[in-house]
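Listed here are the chains, written in short residue letters.
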Amino acid sequence: MKKMAKLFVGAMILAAAVTACSYGGVAVTPSNKAIVMRNDGFLFGILRKAYVCDVSDAGLSNCQASAEKP
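Keep in mind the model is a prediction, meaning the values are calculated, not measured.

1. Quick look at the confidence of the model for the chain
It should be kept in mind that the predicted coordinates are not to be read in detail where pLDDT is low. Confidence in the prediction of the chain, expressed as mean pLDDT, is 75, and 69% of residues score 70 or more. Averaged pLDDT values over the elements of the chain bottom out at 70 in helix H1 (residues 2-19) and peak at 85 in strand S3 (residues 49-56).

Okay, here's the thing in C-alpha cells:
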C-alpha cells in the first residue's frame, strides 16, 4: 500500500513538472507595449502563447493573447 502511494505521488509530481507553464521572454517596445511569452513543457510547447500588454506605472494592463502562435 505504501509503495503504491509513493508511486502515485511520484507520478503526480512528474506530471506537474512536465505540463507546468512559466512566463519568460519579456520584451518592451518604445511605444510602451510589452510582449510576454508563456512557455510550457506539454507536447514540446504546443500551448505556447504570446501576450501583448500595455506598460504603466502600476504594472502590466490590458493584456491580450496574440492570434498567431509564436
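2. Side note on the state of the cysteines
Each disulfide is one covalent bond, formed between the sulfur atoms of two cysteines. Using the criterion set out here, one finds one disulfide in the structure. One disulfide in the model links cysteine 53 with cysteine 63; its S-S distance is 2.1 Å. Taking the torsion about the S-S bond as the criterion, the cysteine 53 to cysteine 63 disulfide, at about 120°, is right-handed. Taken together, the positions of cysteine 53 in strand S3 and cysteine 63 in strand S4 (residues 59-65) put the pair 10 residues apart, joining distant regions of the chain.

3. Observations concerning the pattern of salt bridges
Under the criterion given, the structure shown has one salt bridge. Between lysine 33 and aspartate 54 there is a salt bridge; the shortest N-O distance is 2.7 Å. One end of the pair, lysine 33, is in strand S2 (residues 33-40); the other, aspartate 54, is in strand S3, and 21 residues separate them in sequence. Residue classification places lysine 33 among the partly exposed residues on the basis of a relative accessible area of 33%. Here aspartate 54 falls in the partly exposed class, since its relative accessible area comes to 22%.

4. A few points about a nonpolar patch on the surface
A grouping of Val26, Val28, Val55 and Leu60 is seen on the molecular surface, where their side chains present a nonpolar patch of about 350 Å² in accessible area. Along the chain, valine 26 turns up in strand S1 (residues 21-28).

5. Overview of the pairing of S4
With five bridges joining them, S3 and S4 adopt antiparallel strand pairing. Within S4, the position partnered with aspartate 54 by the bridge is serine 61. If you look at the hairpin formed by S3 and S4, you'll find two residues sitting between the two strands.

6. What to know about the environment of alanine 27
Summarising the element assignment, alanine 27 is placed in strand S1. Along the backbone, alanine 27 and valine 52 are 25 residues apart, and their C-alpha atoms lie at a distance of 9.7 Å. For alanine 27, the contacting residues outside a window of four places in its chain are Lys33, Ala34 and Ile35.

Procedures and definitions
Residues numbered from 1 in each chain as written. Predicted model: local features only at pLDDT ≥ 70, side-chain atom pairs only at ≥ 80, totals over all residues. Heavy atoms only, no water. pLDDT = per-residue confidence, 0-100. Helix = DSSP H or I, 4+ residues; strand = E, 2+ residues; numbered from the N terminus. Disulfide = S-S within 2.5 Å. Salt bridge = Lys/Arg side-chain N within 4 Å of Asp/Glu carboxyl O. Buried < 20%, exposed > 50% of the residue type's maximum accessible area, 1.4 Å probe, protein only. Patch = residues over 30% accessible without salt bridge, like charges linked within 9 Å, V, L, I, M, F, W, Y side chains within 5 Å. Areas by Shrake-Rupley, 256 points an atom, 1.4 Å probe, with all protein chains shown as cover. Pairing = 2+ DSSP bridges. Contact = heavy atoms within 4.5 Å.

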